[in-house]
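Read off the chains here:
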Amino acid sequence: MTWQEIRDIRKNGNFTEARRLALQELATTPNSLQLKSQLEWTYYDELKSLAQQIENNTQNQQVTNRFIQVFEEYIVGNPRRPEMAFSFIIKVIAGHAQQLPSFYSYIEWMGQQALRPDDWYSTEHNGRKIPPIAHDIARGLCKWIKSHDNVTLEQIKFCLTWVSRVRQNMTDEEAIWLDWDTVYLLRKTEDYTTASQILSSVIKQKQNEFWVWTEAARLHEEEQKDLALACFCKALLCPVADSSFLVKTHEEFAQFLACLEMYEKASYQINQALTIRQNKGWNINNELQSLLNQPWYNKSNNNHQSTLNFYKEHSQEALSLCFDKIEQISANYLGQIQIPRENKKPKISHKFAIMKNGKSESILVSGLRNIKFIAGEPVLLTMGINEANDKWTTVNAEKRHSGKNWDCTLLQQVMLSSIKDQEIRVFINRDDEIKLFKEVSDRLTNSINIGNMYNAYITKNAKNNRLEICHLEPSNETKLADTKKITGILKKNERGFGFLEDIFIPPYLLDSQQNGDCLTVIAVYSFNKAKEKYSWRAITIQ
């Protein structure tokens, strides 16, 4: 049978038959590279199929056993390596390291020399960056270490050699989950300094995730208790999709607070963990039961507001792990912005107005979740900066009780100057006539007429230096600089436009008016781009 026929059988999903036939043909032609290749790919195809079944049902031990059997049958045959098929097979195996009791032994057997040079670098497919195969193996080792209690220091160090080599070829963003795994390994080796340095990189990217702050608390709870306290508090201020995710954090924080003899605070954490476990029908573990048995435990301590204030009071120091400087800045919430991205979901950002050197400017903030402010609401932003890149990052937004709506914008009189195809423009002065954002015009509740006066709450986009109107409210003012209201005799040109004294009246305003009619117009003094000079222009006829 030819290797092409064996290939077709393999591609039809009959892996074992294709393998049997390949072995049969290799017995007579042992040097055929095509047959060897087809044999290797039968193992890959079957392992990939089994891996999918494991993902669909991790409890199916029969499938997992077959997965192990096929792979061990493959390596007993002393497969070619480095080789593409070998690399792809190891990648599949690495994805299920936790289910494989001998995964560590497999990687120890093959060694780093079994991979191709390309396996240590990221690749791209359809515009998407794919991590190196060596990265998948390193993460598989980390997960295997995490899932086994009796690992040795030598095994952890072996894992770290893989991590170290593959990490050299990846950016912080690409390696974030590998770095996260590495922190655990380093903590197991008691290398807290290196673990803290690596965790700092993860925190900068995931500063609104509770799990990074819980890990930071674990790292610092022996040597820097104040910092560990801050990290626990920061973790419990982070938004979560399900409060049950926090059960371990509550339990560990309770033990930590008890060591500090902060028994009332510890009791609150115990009660939160107990409620989660009872609601989920989970068993009470030994650690929690031990806390419940303590004489100081107060089962009635459920003061949420007091505890929230405690978190806020102590959490700020935690931000020192990822920023050189922390500031709290007053702001107004302006709304949500969706930024389109090619082949991706839109990026969700939130817009705020802040005061800077006595001037209002708008900023976009991404990464904040569960934002429930209304437009104009006074908020307090917590922002951090790294001296290395001089870039401010917003890490938190909360309601500001001391402020007023729109107090971080500038109040100015404006006139509504144009309504066309649902686009509304307002006149500020001779140099500024701007379009309203739809969300601002949608909030105009009264009748909208050209010439109406409004109190405008204005900020400036710091990136493009353009004014932005955040909100409009009707004004009782009747006068505005660079505008006027005048009555006079129309001089109409046969081409449709006209003049009233020195005011140009565009044709669209003169549908039925005739030359010599007496008109009252509202006009603005602005720059005429066509004539490159300032002049008067009518915006409405009354």
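That block above? That's the structure.
What this report covers is the structure whose coordinates are included nearby. Predicted model only: the values in this text are computed from it and were never measured.

### Concerning empty space enclosed by the protein
With a probe scaled to a water molecule rolled over the atoms, the places where space remains empty come into view.
Working step 1: Inspection of the entire model under this criterion finds one cavity of 30 Å³ or more.
Working step 2: Size it by volume and the largest cavity reaches roughly 30 Å³.
Working step 3: Lining the largest cavity are Ser196, Leu199, Ser200, Ile203, Ala216, His220 and Leu321.
Working step 4: Mapped by element, the contributors of at least two residues to the lining of the largest cavity are helix H10 (192-205) and helix H11 (210-220).
Working step 5: The element that contributes the greatest number of residues to the lining of the largest cavity is H10, accounting for four residues.
Working step 6: Split into classes, the residues belonging to the lining of the largest cavity amount to four nonpolar, three polar and no charged.

### Observations concerning the nonpolar core
Working step 1: Counting 107 residues, the largest nonpolar core has Ile137, Trp162, Trp213 and Phe253 as its most contacted members.
Working step 2: When near neighbours in sequence (up to four residues on either side) are disregarded, tryptophan 213 contacts Ile203, Gln207, Cys231, Lys234, Ala235, Cys238, Ala318, Leu319, Leu321 and Cys322.
Working step 3: Ranked by size, the runner-up nonpolar core spans 14 residues in total, among them Ile424, Ile428, Leu436 and Leu444.

### A word on the pattern of salt bridges
Working step 1: Going through the model one piece at a time under the given rule, you end up with 28 salt bridges.
Working step 2: With its nearest N and O atoms 2.7 Å apart, the salt bridge here joins arginine 139 to aspartate 181. Of the two residues, arginine 139 is situated in helix H7 (residues 133-146) and aspartate 181 in helix H9 (residues 176-188); the sequence distance between them amounts to 42 residues.
Working step 3: The exposure class of arginine 139 is buried, given its relative accessible area of 19%.
Working step 4: In this structure aspartate 181 comes out as buried when scored by relative accessible area, which is 2%.
Working step 5: When salt bridges with common partners are traced through the structure, they connect Arg187, Glu215, Arg218 and Glu252 into a single cluster.

### Thoughts on the sheet that holds strand E14 (residues 491-492)
Through backbone hydrogen bonds, the strands of a sheet pair up, either in parallel or in antiparallel fashion.
Working step 1: Here six strands make up an open sheet; going across it, the order is E13-E17-E18-E16-E15-E14 and the pairing mixed. Among the strands making up the open sheet, the edge pair consists of strand E13 (483-489) and E14.
Working step 2: As judged from the seven bridges shared by E13 and strand E17 (residues 518-528), these two strands associate in the antiparallel manner. The partner of isoleucine 486 across the bridge, within E17, is valine 521.

### Regarding the environment of tryptophan 392
Working step 1: Relative to the helices and strands, tryptophan 392 resides in strand E7 (residues 391-399).
Working step 2: For tryptophan 392, the contacting residues outside a window of four places in its chain are Lys325, Glu327, Met383, Gly384 and Ile385.

### Topic: the packing of aromatic side chains
Working step 1: Going through the model one piece at a time under the given rule, you end up with 25 aromatic pairs.
Working step 2: Measuring from centroid to centroid gives 4.7 Å for tryptophan 180 and tryptophan 211, while their planes differ by 65°, and the two rings are edge-to-face. Of this pair, tryptophan 180 sits in helix H9 while tryptophan 211 sits in helix H11, and the two are 31 residues apart along the sequence.
Working step 3: For tryptophan 180, a relative accessible area of 16% gives the class buried.
Working step 4: For the ring pair phenylalanine 497 and phenylalanine 499, a centre distance of 6.2 Å and an interplane angle of 90° mean the geometry is edge-to-face.
Working step 5: Exposure remark for phenylalanine 497: the relative accessible area of 17% places this residue in the buried category.
Working step 6: Among the aromatic residues, those joined into a ring-pair cluster are Tyr43, Phe71, Tyr74, Phe86, Tyr106 and Trp109.
Working step 7: One Lys or Arg, arginine 430, reaches over the ring of tyrosine 534 and ends 5.7 Å from the middle of that ring.
Working step 8: Over the ring of tryptophan 536 we find lysine 484; its NZ or CZ atom is 4.3 Å from the centre of that ring.

### Some details on unusual backbone geometry
Working step 1: With an omega of -5°, the peptide bond between arginine 81 and proline 82 qualifies as cis.
Working step 2: Take proline 82: it is sitting in the loop between helix H4 (61-76) and helix H5 (84-94).
Working step 3: Phi is positive for tryptophan 406, which is not a glycine, with a value near 65°.
Working step 4: Position of tryptophan 406 relative to the elements: it lies in the loop between E7 and strand E8 (410-420).
Working step 5: Taking the relative accessible area as the measure of exposure, tryptophan 406 reaches 6% and is therefore buried.
Working step 6: Positive phi is not limited to glycine here, since asparagine 465 has a value of about 65°.

Cut-offs applied
Residues numbered from 1 in each chain as written. Predicted model: local features only at pLDDT ≥ 70, side-chain atom pairs only at ≥ 80, totals over all residues. Heavy atoms only, no water. 1 Å grid on protein atoms, 1.4 Å probe; cavity = no way out; pocket = protein on both sides within 12 Å on 5 of 7 lines; lining within 4 Å. Points joined across faces, edges and corners; volume = space filled by probe spheres on them. Helix = DSSP H or I, 4+ residues; strand = E, 2+ residues; numbered from the N terminus. Nonpolar A, V, L, I, M, F, W, Y, C, P; charged D, E, K, R; others polar. Core = buried A, V, L, I, M, F, W, Y, C linked by side-chain atoms within 4.5 Å. Buried < 20%, exposed > 50% of the residue type's maximum accessible area, 1.4 Å probe, protein only. Contact = heavy atoms within 4.5 Å. Salt bridge = Lys/Arg side-chain N within 4 Å of Asp/Glu carboxyl O. Pairing = 2+ DSSP bridges. Phe/Tyr/Trp six-rings, centres within 6.5 Å; stacked < 30°, edge-to-face > 60°. Lys NZ or Arg CZ within 6 Å of the ring centre and 35° of its normal.

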